[in-house]
Amino acid sequence: MPSARIIGTGSYAPAKVLTNADLATLVDTSDEWIRTRTGISERRMTTGAEATSDLAYQAALRALAAANVDVADVDMILVATVTPDMFFPATACVLQDRLEARRASAMDISAACSGFIYGLAVADGLLRLGTFRTILLVGAETLTKIVNWKDRNTCVLFGDGAGAVVLRAGEGPRGILSTHLFADGAKGPQLMIPGGGSRHPISHQMVEEGLAAIQMSNGNEVFKVAVRAMEDAALTALKYNSLDISDIDLLVPHQANLRIINAVGQRLGLPEEKVCVNIQRYGNTSAASIPLALDEAVLAGRVKAGDLLLLCAFGGGLTWGSAVIRW
Ligand code: UT7
């Protein structure tokens, strides 16, 4: 059976920087609280009409260039996002048009912060089956457009950005070794945007009640579930591949909170230098966070051919998952 390999990565974040000091002018918070409780110092923010597909486009161009792949060769575009440009058409279709990727099919994946891992699983399956040869997978978000700027529990956490990978079917031992996906819809209300869909359609009242923005009912509980879920997903992946944690060269975790990342790394027994962390500069960029961190690691020379990478994520849904990649 063919394998699916990542042959290029790219990322992009909007230029505008929103610091903790900026947030302290909006809500009752401080740079000290945000840094010590989350690890975040600043995040990027789209301005004006800049949309998710605009960030996705820039990241995709960089990934295609890094992979040396002509856009005409892309068979499918997947965009993992919870902040699409609009309900429909899918942001992946908007991106397909912008890239002029005429041959590519296109769809979005909605799995919140686990969206990139879910996308990897879909791409891996389609490439292994031989359905497609080349897939562009993008995680892109404009979360600053959907936060409640009066809610200090959530507005300090999120940022905007995009990361992309080009995947190609190949032969040999390199590529995606496994993906494991999980969900628990019963815990969905812990982290959600309740309004704007068919349950609470758009109305003045719905917006005034704050239903059109991110709500997290109990951040502390979400924190604990996130640590356990990411650890479980990572251990499941190691066991499936008959690997020991010492075999892993780099952990690329979803960047939701530095304390979550550190707790997962410690529970797995990984030294700090083997864990990718960039949350201090971007905050939580949901589906974009893993491909953004992965691209930075690649550009910094932290990933070499043959390295074993472990990816794990957790987010709204609730969803979580892991992937192991032989680079
Ligand atoms: O992307 C995946 C999904 N998201 C997550 O994984 C997020 C998971 N949760 C977290 O990262 C953390 O729970 C938070 C960063 C959201 C909160 O940190 P915490 O250590 O769990 O704090 P807490 O919720 O227990 O709140 C402690 C206190 C509260 O005050 P009281 O009730 O003790 O007086 C909060 O009101 O901190 C207060 N607080 C703040 N204070 C200053 C909450 N947000 C802020 C803030 N600035 N921005």
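## A word on the sheet that holds strand β4 (residues 76-80)
Next up, step 1: Spatially, the 5 strands line up as an open sheet ordered β1-β7-β6-β4-β5, and their pairing is mixed. Each of the sheet's edge strands pairs with one partner strand only, and the pair in question is β1 (3-12) and β5 (105-109). Within this sheet the neighbouring strands show an average axis-to-axis angle of 20°, counted without direction.
Next up, step 2: Bridge count between β4 and strand β6 (residues 134-142): 5 bridges; the pairing is parallel. Across the sheet, the residue bridging to V79 is V138, located in β6.
Next up, step 3: Sheet contacts for helix α4 (residues 91-99): β4, β5 and β6; angle to β4, the most-contacted strand, approximately 130°.

## Some points on unusual backbone geometry
Next up, step 1: The amide bond that connects F88 to the next residue, P89, takes the cis arrangement and shows omega of 5°.
Next up, step 2: The topology assignment puts P89 in the loop between β4 and α4.
Next up, step 3: Across the junction of G317 and L318, the peptide omega takes the value -15°, indicating a cis bond.
Next up, step 4: Tracing the sequence through the fold places L318 in the loop between β12 (308-315) and β13 (319-326).

## Points about the pattern of salt bridges
Next up, step 1: Evaluated as defined, the whole model comprises 10 salt bridges.
Next up, step 2: In this structure, R98 engages D54 in a salt bridge whose closest nitrogen and oxygen atoms are separated by 3.0 Å. In this pair, R98 sits in helix α4 while D54 sits in helix α3 (residues 52-67), placing the two residues 44 residues apart along the sequence.
Next up, step 3: Classification of R98 by relative accessible area gives partly exposed; the value is 39%.
Next up, step 4: When its relative accessible area of 22% is taken as the criterion, D54 is described as partly exposed.
Next up, step 5: For E296, the salt bridge identified is with R281, shortest N-O distance 2.9 Å. Of this pair, E296 sits in helix α11 (residues 289-299) while R281 sits in helix α10 (residues 279-282); the two residues are 15 residues apart in sequence, bridging distant segments of the chain.
Next up, step 6: Owing to a relative accessible area of 22%, E296 belongs among the partly exposed residues under this scheme.

Calculation criteria
- Residues numbered from 1 in each chain as written.
- Predicted model: local features only at pLDDT ≥ 70, side-chain atom pairs only at ≥ 80, totals over all residues.
- Heavy atoms only, no water.
- Pairing = 2+ DSSP bridges.
- Helix = DSSP H or I, 4+ residues; strand = E, 2+ residues; numbered from the N terminus.
- Axes fitted to C-alpha atoms, helices over the stretch in contact; angles between N-to-C directions.
- Contact = heavy atoms within 4.5 Å.
- Salt bridge = Lys/Arg side-chain N within 4 Å of Asp/Glu carboxyl O.
- Buried < 20%, exposed > 50% of the residue type's maximum accessible area, 1.4 Å probe, protein only.

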